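# What the coordinates show
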Amino acid sequence: MPVSIKSPREIELMTEAGRILALVHEELEKALRPGMTTLDIDKLGEEIIRSYGCIPSFLGYNGYPASICVSLNDEVVHGIPNAGRIIHEGDVVSLDAGVIYKGYHSDAARTHIVGEGTKEAKDLVRVTEESFFEGIKYAREGNHLGDISAAIGNYARALGYGVVRDLCGHGIGTNLHEAPEITNFDTGRRGLRLKAGMTLAIEPMINAGTWQVRWLDDDWTVVTKDGRLSAHYENTVLITGGEPKLLTLR
Ligand code: MF3
Ligand code: CO
């Protein structure tokens, strides 16, 4: 599949989809507290998304049953909200959400620590965000996709973290997942040349221990093989002739 170049009008719509998703994440962060269930977060998230006139893009996607992926502690991504799953003080909570605005998608994830977390948790969340920002230093027209991937992975790996290899970032637009696939590690290939108008969901998933993951029996939830913590950070990014635009961050 070719990588689509968005027109000025499409960029306008994706910018609005991203702006709304940034607000959704801000509101969810404010609401997050011990005692809530992961289903409470999903319901609130869906309500906020719809209040902006958007559709939650994950709901029903490949059969995914919720609007927000809520992944706790050793869960890497795609945790399924559940009324029996209570959030506790100190939990590492990854929230992944997507919205569709007038047919255009945005996708973003944040990882929060509820209340006071351990040093291990705080360092992990910080390094995961930092790895994203290392990557987007290379998100410029004329560079190659592999430059972003290598920068993300090498940054986290050098600090002793496990960089998840089984899941990747992706192009985004009228579909949640479009070409290209964006690994979070150096594949040894430079990959495609970046052009202004490409929109990319860049999403490092970083583990405190091993990079290895496994899937739970629900066929969605990805967890770390060693049971240690994982964090996820994602934004939808527009490649321009200059600095990249982070569409899902205010
Ligand atoms: N950010 C995730 C991804 O790009 C969200 C997909 S969850 C799903 O894979 F439920 F929609 F599949
Ligand atoms: Co994504």
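Residues numbered from 1 in each chain as written. Chains lettered and ligands numbered in written order. Predicted model: local features only at pLDDT ≥ 70, side-chain atom pairs only at ≥ 80, totals over all residues. Heavy atoms only, no water.

## Let's talk about helix α1 (residues 8–31)
The following threshold applies: Each helix is a run of H or I in the DSSP string that is no shorter than four residues. Each strand is a run of E no shorter than two, and both are numbered from the N terminus. Multiplying 1.5 Å by the helix residue count minus one yields the expected span of that helix. For every residue, the accessible area (1.4 Å probe, protein chains only) is compared with the maximum for its type, and the residue is labelled buried under 20%, exposed over 50%, or partly exposed between those bounds. Note on contacts: a residue pair qualifies if any of its non-hydrogen atoms lie within 4.5 Å across the two residues.
With 24 residues, α1 should reach 34 Å at 1.5 Å per residue; the first-to-last C-alpha distance of 35 Å fits that figure. Three or more residues of α1 are buried, namely L13, M14, A17, G18, I20, L21, A22, L23, V24, H25, L28 and A31. Next to the buried residues of α1 lie α2 (38–51), β2 (68–72), β4 (92–101), β5 (104–113), β9 (199–202) and β14 (235–238).

## Here's the deal with the coordination of the cobalt ion (ligand 2)
Rule in force here: The rule for donors is simple: an N, O or S atom within 2.8 Å of the metal counts, and for Na, K and Ca the reach is 3.2 Å. Water is not among the atoms, so a site may look short of donors. Here the metal geometry follows the donor angles, with tetrahedral for four donors whose angles all fall between 85 and 135 degrees, square planar for four and octahedral for six when opposite donors are more than 155 degrees apart and every other angle is between 65 and 115, and irregular for all the rest.
Taken together, D107 (OD), H170 (NE2), E203 (OE) and E234 (OE) make up the full set of protein donors to the cobalt ion (ligand 2), lying 2.1 to 2.2 Å away. Classification of the site at the cobalt ion (ligand 2) as irregular follows from its 6 donor atoms and the range of 66 to 168° in their angles at the metal. Here the donor residues for the cobalt ion (ligand 2) map to a single chain with the spacing D-x62-H-x32-E-x30-E. Taken together, the positions of E203 in the loop between β9 and β10 (205–207) and E234 in the loop between β13 (230–232) and β14 put the pair 31 residues apart, joining distant regions of the chain. Residue E203 shares its accessibility class with E234, and that shared class is buried.

## Remarks on the site of ligand 1
Inclusion rule: If even one non-hydrogen atom of a residue comes within 4 Å of a molecule or strand, that residue is called near it. For this analysis, a polar contact is any N or O atom pair within 3.5 Å, provided that within protein one partner can donate a hydrogen and the other can accept it, and provided that sequence-adjacent residues contribute only side-chain to side-chain pairs. Each accessible area value is a Shrake-Rupley result obtained with a 1.4 Å probe; residue values ignore everything except the protein chains displayed when judging cover.
Taken together, 13 residues form the shell around ligand 1, and within it Y64, D96, H170, H177 and E203 come nearest. Within the side chain of D96, one N or O atom sits 2.7 Å away from a nitrogen atom of ligand 1. The separation between an oxygen atom of ligand 1 and a polar side-chain atom of H170 is 2.8 Å. When the free accessible area of ligand 1 is taken as 330 Å², the share hidden by the protein chains comes to 94%.

## A few points about the pattern of salt bridges
The condition is simple: Salt bridge, as applied in this entry: a Lys or Arg side-chain nitrogen positioned within 4 Å of an Asp or Glu carboxyl oxygen.
On inspection of all chains with the given rule, the structure shows 15 salt bridges. Linked by salt bridges that have partners in common, K119, D123, R126 and E130 make up one network.

## Topic: unusual backbone geometry
Residue P180 is bonded to the preceding A179 through a cis peptide linkage, with omega at 0°. Assignment of secondary structure puts P180 in strand β8 (residues 178–182). At H78, a residue that is not glycine, the phi angle is positive and equals roughly 65°. Checked against the element boundaries, H78 lands in the loop between β3 (75–77) and β4.

## Quick notes on the nonpolar core
The test is simple: Only buried residues count toward a nonpolar core, which is a set of Ala, Val, Leu, Ile, Met, Phe, Trp, Tyr and Cys residues joined through side-chain atoms within 4.5 Å.
Formed by 35 residues in total, the largest nonpolar core has its most connected members in I41, I68 and V93. If you list the elements that add at least two residues to this core, you get α1, α2, β2, β4 and β5. A total of 7 residues in this core trace back to one element, the largest contributor, which is α1. The next biggest cluster of nonpolar side chains, apart from the first, holds 14 residues, and it includes F132, L145, I148 and I182.

## Notes on the sheet that holds β3
The condition is simple: A pair of strands is considered paired only if DSSP assigns at least 2 bridges between the two. Axis geometry follows a simple rule: fit a line to the C-alpha atoms, using only the stretch in contact for helices, then measure angles between N-to-C directions, giving values from 0 to 180 degrees.
With antiparallel pairing, 3 strands are arranged side by side in an open sheet as β3-β12-β11. Of all the strands in the sheet, just β3 and β11 (213–215) have a single pairing partner and so form its edges. The sheet shows a mean angle of 40° between the axes of neighbouring strands, direction not considered. With 3 bridges connecting them, β11 and strand β12 (residues 222–224) associate as antiparallel partners.

## So, the packing of helix α3 (residues 119–136) against helix α4 (residues 145–158)
Threshold: The labels follow the angle: roughly parallel below 35 degrees, roughly antiparallel above 145, roughly perpendicular from 65 to 115, and oblique for the rest. By definition, turning the near helix anticlockwise from the far helix through less than a right angle yields a left-handed crossing, and turning it clockwise yields a right-handed one. Nonpolar residues are Ala, Val, Leu, Ile, Met, Phe, Trp, Tyr, Cys and Pro. Charged residues are Asp, Glu, Lys and Arg, and all others, Gly as well, are polar.
It is at 7 Å that the axes of α3 and α4 come closest, and there the two elements cross at 150°. Between α3 and α4, the crossing angle belongs to the class labelled roughly antiparallel. Handedness of the α3/α4 crossing: right-handed. For the pair α3 and α4, the contacting residues are V127, E130, S131, E134 and G135 in the first and I148, A151, I152, Y155 and A156 in the second. Here the contact of α3 with α4 is built from residues that sort into 6 nonpolar, 2 polar and 2 charged.

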